[in-house]
Amino acid sequence: MFRGITNFLRLVAIGRILAKHDLLDLLNAPSSLRLSIMISGGRKGRAAAGQRPGQRLAAALLEMGPTFIKLGQSLSTRSDLIGEEMAEDLSELQDKLPPFPSEEARAIIETELEQPLDKLFQSFDDAPIAAASIAQVHFAVTTEGNEVAVKVLRPGIERRFGADVALLLWLAEWAERLRPRLRRLHILDSVRNFEGVVQREMDLRFEAAAAAELAQNFTGDPNFLIPEVDWQRTGHRVLTLKRIHGIPVDEVDEIIAAGIDPTHVVELAADAFFNMVFRDGFFHADLHPGNLFVGVNGEIIAVDFGITGRLDKATRRFLGELLLGFLNRDFARVARIHFDAGIIPGDQSVELFTQAVRSIAEPILGRPLHEISVARLLGQLFDVARAFKLEAQPQMLLLQKTMLVAEGVGRILNPKINMWHLARPLIEQWMFENLGATARLRDSVGGVFETIEGLPRLVRNVEHLAESIKAGGLRLHPDSMKALEQSRGRRGIFPSWLPWVLVAVLAYLLLKR
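Now for a quick tour of the structure.

Right, let's get into the overall build of the protein. For the protein, the count of helices and strands is 23 helices and eleven strands. In the protein, which comprises 513 residues, the share counted as buried stands at 44%. In the protein, once contacts between residues fewer than 6 apart in sequence are set aside, the share between residues at least 24 apart is 68%. For the protein, the accessible surface area stands at approximately 27500 Å², while carbon and sulfur atoms represent 56% of it.

Another aspect to go through is the nonpolar core. Core analysis: the largest hydrophobic core is formed by 116 residues, its most contacted members being Phe273, Phe326, Phe353, Leu399 and Met403. With ten residues, the top contributor of residues to this core is helix α13 (residues 262-280). Those residues in contact with Phe353 that sit more than four places away from it in its chain are Ala335, His338, Phe339, Ile344, Leu381, Ala385 and Phe388. Grouped together as the second largest cluster of nonpolar side chains are 14 residues, Ile108, Ile109, Leu113 and Ala140 included.

Turning to the packing of helix α3 (residues 53-64) against helix α4 (residues 66-75), a few remarks are in order. Any two packed helices are characterised by the angle at which their axes cross and by the distance between the axes. Where α3 meets α4, the axes come as close as 6 Å, and the angle between the chain directions of the two elements is 145°. Residues Leu61, Leu62 and Met64 of α3 touch α4, and the partners they reach there are Phe68, Ile69 and Gly72. The class makeup of the residues in the contact of α3 with α4 is five nonpolar, one polar and no charged.

The next thing to look at is the packing of aromatic side chains. The tally for this structure, following the rule as stated, stands at eight aromatic pairs. Taking the centre distance of 6.0 Å and the plane angle of 45° together, the rings of Phe121 and Phe124 count as tilted. Looking at Phe121, the relative accessible area reads 3%, which means it is buried. The class for Phe124 is buried, based on a relative accessible area of 9%.

Moving on, we come to the environment of Glu201. With respect to the helices, strands and loops of the structure, Glu201 is situated in helix α10 (residues 187-201). Classification of Glu201 as buried rests on a relative accessible area of 13%. A sequence separation of 66 residues divides Glu201 from Ala135, and the C-alpha atoms of the two residues are 10.0 Å apart. Every residue in contact with Glu201, bar those within four places of it in the chain, is listed here: Lys70, Ile134, Gly306 and Ile307.

This paragraph deals with the pattern of salt bridges. Enumeration over the complete set of coordinates arrives at 23 salt bridges. Between Lys151 and Glu207 there is a salt bridge, with its nearest N and O atoms 2.9 Å apart. Here Lys151, found in strand β4 (residues 147-153), pairs with Glu207, found in helix α11 (residues 204-217); they are 56 residues apart in sequence, far enough to count as distant. Taking relative accessible area as the criterion, Lys151 reaches 16% and is therefore assigned buried. As a salt-bridge pair, Glu213 and Arg310 come within 2.7 Å of each other at their nearest N and O atoms. Residue Glu213 is found in helix α11, and its partner Arg310 is found in strand β11 (residues 308-310); the two are separated by 97 residues along the sequence. In this structure, a network of salt bridges that share partners links the residues Glu321, Arg333, Arg336 and Asp340.

One open sheet holds the four strands; their spatial order is β5-β10-β9-β7, and the pairing between them is mixed. Since the sheet does not close on itself, it has two edges, and those belong to β5 (224-225) and β7 (247-248), each with one partner. One ladder, built from three bridges, connects strand β9 (residues 292-294) with strand β10 (residues 300-302); its direction is antiparallel. Each residue of the ladder has a partner; that of Leu292, found in β10, is Ala302.

Attention now moves to the side chain of Lys70. As for its placement among the helices and strands, Lys70 is situated in helix α4. Judged by relative accessible area, which is 8%, Lys70 ranks as buried. Not counting the four nearest positions on each side in its chain, Lys70 is found in contact with Asp95, Ser133, Ile134, Phe194, Val198 and Glu201.

In this section: α10. With 15 residues, α10 should reach 21 Å at 1.5 Å per residue; the first-to-last C-alpha distance of 21 Å fits that figure. Those residues of α10 not exposed but buried are Leu188, Val191, Phe194, Gly196, Val198 and Glu201. Next to the buried residues of α10 lie α4, α9 (157-178) and α11.

Over its 20 residues, helix α18 (residues 394-413) extends 29 Å from the first C-alpha to the last, a length consistent with the 28 Å expected when each residue adds 1.5 Å. Most of α18 is tucked away: 15 of the 20 residues are buried.

Even without glycine at this site, Glu114 takes up a positive phi of about 55°. Position of Glu114 relative to the elements: it lies in the loop between α7 (102-113) and α8 (117-120). Look at Arg329: it is not a glycine, yet its phi comes out positive at around 60°. As for its placement among the helices and strands, Arg329 is situated in the loop between α14 (313-327) and α15 (331-340). Since its relative accessible area comes to 39%, Arg329 is described here as partly exposed.

Definitions and limits used
- Residues numbered from 1 in each chain as written.
- Predicted model: local features only at pLDDT ≥ 70, side-chain atom pairs only at ≥ 80, totals over all residues.
- Heavy atoms only, no water.
- Helix = DSSP H or I, 4+ residues; strand = E, 2+ residues; numbered from the N terminus.
- Buried < 20%, exposed > 50% of the residue type's maximum accessible area, 1.4 Å probe, protein only.
- Contact = heavy atoms within 4.5 Å.
- Areas by Shrake-Rupley, 256 points an atom, 1.4 Å probe, with all protein chains shown as cover.
- Core = buried A, V, L, I, M, F, W, Y, C linked by side-chain atoms within 4.5 Å.
- Axes fitted to C-alpha atoms, helices over the stretch in contact; angles between N-to-C directions.
- Nonpolar A, V, L, I, M, F, W, Y, C, P; charged D, E, K, R; others polar.
- Phe/Tyr/Trp six-rings, centres within 6.5 Å; stacked < 30°, edge-to-face > 60°.
- Salt bridge = Lys/Arg side-chain N within 4 Å of Asp/Glu carboxyl O.
- Pairing = 2+ DSSP bridges.
- Expected span 1.5 Å × (residues − 1).

Here it is in structure tokens:
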């Protein structure tokens, strides 16, 4: 009861902010909430001239505080739910808040690392260089003389986040209970997933591990650099990285003044993005200009690793085929791979989906090469595919948002260059190596070796079986008996030679005794 009252009062406060930004109609707020807002003194605001709903929602979320800023960023990857335009507006949500006092930052560092600050740093800049919703960053110099950047969690952020997420879970539960048709959107599951993502982001050790993994993946590559983690000065609430020196990637005039060709930087960015996505299957998912710098030799330096994404090999192959299908205007192939991957159910029409793909692709691909946005094309594809019961993949949606931001960076550096055109030869080579006849043979041989590697375990299991038989019989679990009954009469589940191998091994073990 108390939880319900607390959540409803918090909801009314949020409702007043939504009303201020003229969003209650857009969000279809229930009449009981509207009445409560009016009673509490809330007033409907006027939509700012020329502002789209997504821009008004971004402003409202910013006013609601850290958790809702992160919620907006999370929603910006779900164009399948909120539409491409609103997703794009939310992707521009600036994660900037006023800094908290440096005295509190110092206290958090000393508590977390269990040492006085002067034992860790010979100098510590009190003025933060960046302050976001979850943490802020200070420059410092370690006692060994190394220049570093120290990220510190906001005080009390875990408690505030916990209260806000409890409200979101409560709302999701009621939404699915009162409107069963919303269950297909898995709103409750989405909130739980959001909770897990932000909880990991608030443990700075996870970010440190992501930075270390990316650095390892790019070992020996002088063109894409990741600052080194100072693990001795890193903990749950504190992350210390080597300080980097570079030009923000969106300051093109300064990059040119330094004698660096912006087009070359775009080429390096395309290579790095390809390597992260296709080679490694692990990518930096927050590549906005504030997180990318250009070094003195034109190399790209990335920072802020709180948001990353992973793609398994099957998804990378799907993505490669998808991109090449679009670039070759093979719309039938684009449609077919969705069905082959099971992303769209087999009871849907391939022909109709092909027609839908063509309807969104032709207007975009018909533009001059440098104006083509593959990220926007993917966003529209996910949007139109909802009518064909598309099974949305969160990592692909995160990648699409990342691609959109990366395209924006590329256009800042050189608006006449298309980074996907630059990456196309790399993608084609990767696809040849991973989908060609040689790759299929390699995968088959790899499967054989996996089977061989599993033989010692098989022999141990057979020895255990022999011991059981020798001890007076083998008792099967009822579920095992049921499974055997269900599989009776099926063919092709195991290779035909496997039973004979098992019999031979079993006979050998019994005779040996």
